[in-house]
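Residue-level structure breakdown
Letter by letter, the chains look like this.
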Amino acid sequence: MIIYDKDNHQILSKACLNCADPYFQPAHSSLPTVGCCSYSPVISLFEIHQMLKLDDRDFFFHHIFNNTNATINDYNIVIHANVNPLFETENTDHLSSIKTSDLKLSYSICQFFKMNKGCSLLPSYKNATCRSFICSTVESQMDTYEQKDLSEWTRSIQLETKTFNDTHQNILQKRGITLSRNVEDVLFYLEQI
């Protein structure tokens, strides 16, 4: 049901190819089923560091930093999912902001999703959420041992990323360096680690 890819610190499941989780179903029959790949990934310092370890500044600048549908925050970058124009036909006036976001998710596809393949990012470029998330439908089919393994793997992936981000964000904050104002300085710092 699930596999832990030790080399890339990611949890994988073939069940994701045919996502049956009701929460992740498309809002309209003309939209493809992409499961949790409707998510807008947040690229943190950890993932940027991974790109730099592979000397991939071109990928960082072309697909992340200069992405036309990105929000650059001080210490992470949100790559907004592509939202199908059909979403604009929905009347969301009566919905709460959470319900509107959930509805928008059902019209969205991550920019890095490729049909019949899944995520097109290198495994080391995927954020902790993408490397550790398994939906409730898949999890409910797992036995107790698999659920225990899943919990341990998820905790390990999240902790590695959180520890890295907290440590280096703190240092960058003390230096007054941010992605939004000093991207080259942040990259230089991350390259030196």
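In short, a report on the structure.

Looking only at helices and strands, the protein has seven helices and nine strands in total. Compactness check: the protein gives a C-alpha radius of gyration of 18 Å against a globular reference of 16 Å for 193 residues, within 12% of the reference. Once the C-alpha set of the protein is aligned to its principal axes, its extents read approximately 50 × 45 × 30 Å. A separation threshold of at least 6 residues defines the contact pool for the protein, and within that pool the share at least 24 residues apart is 69%.

This part covers the side chain of S132. Tracing the backbone through its elements, the reader meets S132 in helix α4 (residues 128-132). Only 2.7 Å separates the side chain of S132 from the backbone oxygen of A128, close enough to count as a polar contact. With near-sequence residues (within four places) excluded, S132 lies in contact with I11, L150, T154, I157 and Q158.

Okay, the nonpolar core next. Counting 29 residues, the largest nonpolar core has L45, I48, F60, I64 and L190 as the members making the most contacts within it. Among the elements that line this core, the one with the most residues is helix α7 (residues 179-192), at six residues. Leave out the neighbours within four places in its chain, and L45 touches Y75, F164, N165, H168, Q169, L172, L179, V186 and L190. With 12 residues, the next largest nonpolar core counts I2, C19, I134 and V138 among its residues.

Further remarks concern the packing of helix α1 (residues 45-53) against helix α2 (residues 57-65). Running from amino to carboxyl end, α1 crosses α2 at an angle of 135 degrees, the nearest separation of the two axes being 7 Å. The orientation of α1 with respect to α2, classified from their angle, is oblique. Residues I48, M51 and L52 of α1 pack against R57, F59, F60 and I64 of α2. Of the residues assigned to the contact of α1 with α2, the class counts are six nonpolar, no polar and one charged.

Each value, and the rule that gives it
Residues numbered from 1 in each chain as written. Predicted model: local features only at pLDDT ≥ 70, side-chain atom pairs only at ≥ 80, totals over all residues. Heavy atoms only, no water. Helix = DSSP H or I, 4+ residues; strand = E, 2+ residues; numbered from the N terminus. Rg over C-alpha atoms; globule rule 2.2 N^0.38 Å. Contact = heavy atoms within 4.5 Å. Polar contact = N/O pair within 3.5 Å; in protein donor to acceptor, adjacent residues only side chain to side chain. Core = buried A, V, L, I, M, F, W, Y, C linked by side-chain atoms within 4.5 Å. Buried < 20%, exposed > 50% of the residue type's maximum accessible area, 1.4 Å probe, protein only. Axes fitted to C-alpha atoms, helices over the stretch in contact; angles between N-to-C directions. Parallel < 35°, antiparallel > 145°, perpendicular 65-115°, else oblique. Nonpolar A, V, L, I, M, F, W, Y, C, P; charged D, E, K, R; others polar.

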